[in-house]
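Each chain, written out:
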Amino acid sequence: QVQLVESGGGLVQAGGSLRLSCAASGSMFGINAMGWYRQAPGKQRELVALVTSVGDTNYADSVEGRFTISRDNAKNTVYLQMNSLKPEDTAVYYCNVQKQAGRLGPVFYWGQGTQVTVSS
């Protein structure tokens with residue numbers, strides 16, 4: 001029902017910046033939140049940043065103050081501005097949409113992932 005297209009990943013030096021974009025298409029009814037997760041080699045996938053349907057934001061402690069999530073509702077697009085990047089930020093970043101599935105609760109939709117590599 002929801003398709004996500006990500007862009008903006010790549011290789012950057014420590015201290016640099018990247019801007020990730022995620023454009024959503026399909027049925028956008030009942031969307032609870034959109035956000036970004038990441039998964040480093042050997043690690044579990046973790047929440048990076050989230051923005052709810054009413055505009056509230058949530059950040060992982062490790063990125064708060066460096067990353068900023070924003071959305072453009074007219075374009076159904078979510079952005080992740082990443083500043084002061086560290087090698088520890090190296091991971092595959094996944095766009096996520098949380099959609100309410102009636103009484104079953106939220107269903108997660110995922111992008112294909114985009115690689116972010118921060119060199120030291």
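What you see as residue numbers is a count from 1 along each chain, following the sequence as written. Residues qualify for local features only when their pLDDT is at least 70, as the model is predicted, and side-chain atom pairs are given and counted only at 80 or more; totals for whole chains, interfaces and linings, by contrast, use all residues. With hydrogens and water excluded, all non-hydrogen atoms of the structure serve as input to the side-chain values.

(A) Main features of the overall build of the chain. Think of it this way: any DSSP run of H or I at least four residues long counts as a helix, any run of E at least two long counts as a strand, and we number them from the N terminus. For the chain, the helix and strand inventory stands at 0 helices and 11 strands. Walking the chain from its N terminus toward its C terminus, one meets helices and strands in the order β-β-β-β-β-β-β-β-β-β-β. Counting only C-alpha atoms, the chain reaches 45 × 30 × 25 Å along its principal axes. Residues classed as buried in the chain amount to 41% of the 120 residues present. Here a residue-residue contact requires only that any non-hydrogen atoms of the pair lie within 4.5 Å. Across the chain, every contact between residues at least 6 apart in sequence was considered, and the portion connecting residues at least 24 apart equals 54%. The accessible surface values rely on the Shrake-Rupley method and a 1.4 Å probe; as for residues, cover is taken only from the protein chains in view. Accessible area for the chain stands at about 6400 Å²; split by element, carbon and sulfur atoms hold 49% of it. Taken together, the 10 basic and 8 acidic charged side chains of the chain have centroids lying 6 Å from each other. Residue exposure (1.4 Å probe, protein chains only): buried if accessible area is under 20% of the type maximum, exposed if over 50%, otherwise partly exposed. Charge assignment in this entry is limited to Lys and Arg as positive and Asp and Glu as negative, and neither His nor the chain termini are counted. Where a charge lies is defined by one atom per residue type: Lys uses NZ, Arg uses CZ, Asp uses CG and Glu uses CD.

(B) Molecular detail of the side chain of Thr-114. Here Thr-114 lies in strand S11 (residues 114-119). Owing to a relative accessible area of 12%, Thr-114 belongs among the buried residues under this scheme. The definition of a polar contact used here is a pair of N or O atoms within 3.5 Å, where within protein one atom must be able to donate a hydrogen and the other to accept one, and adjacent residues in sequence count solely through side-chain atom pairs. Within the structure, Thr-114 has its side chain in polar contact with the backbone nitrogen of Gly-9 (distance 3.4 Å). Excluding residues that lie within four positions of it along the chain, Thr-114 makes contacts with Glu-6, Gly-9, Leu-20, Ala-91, Val-92 and Tyr-93.

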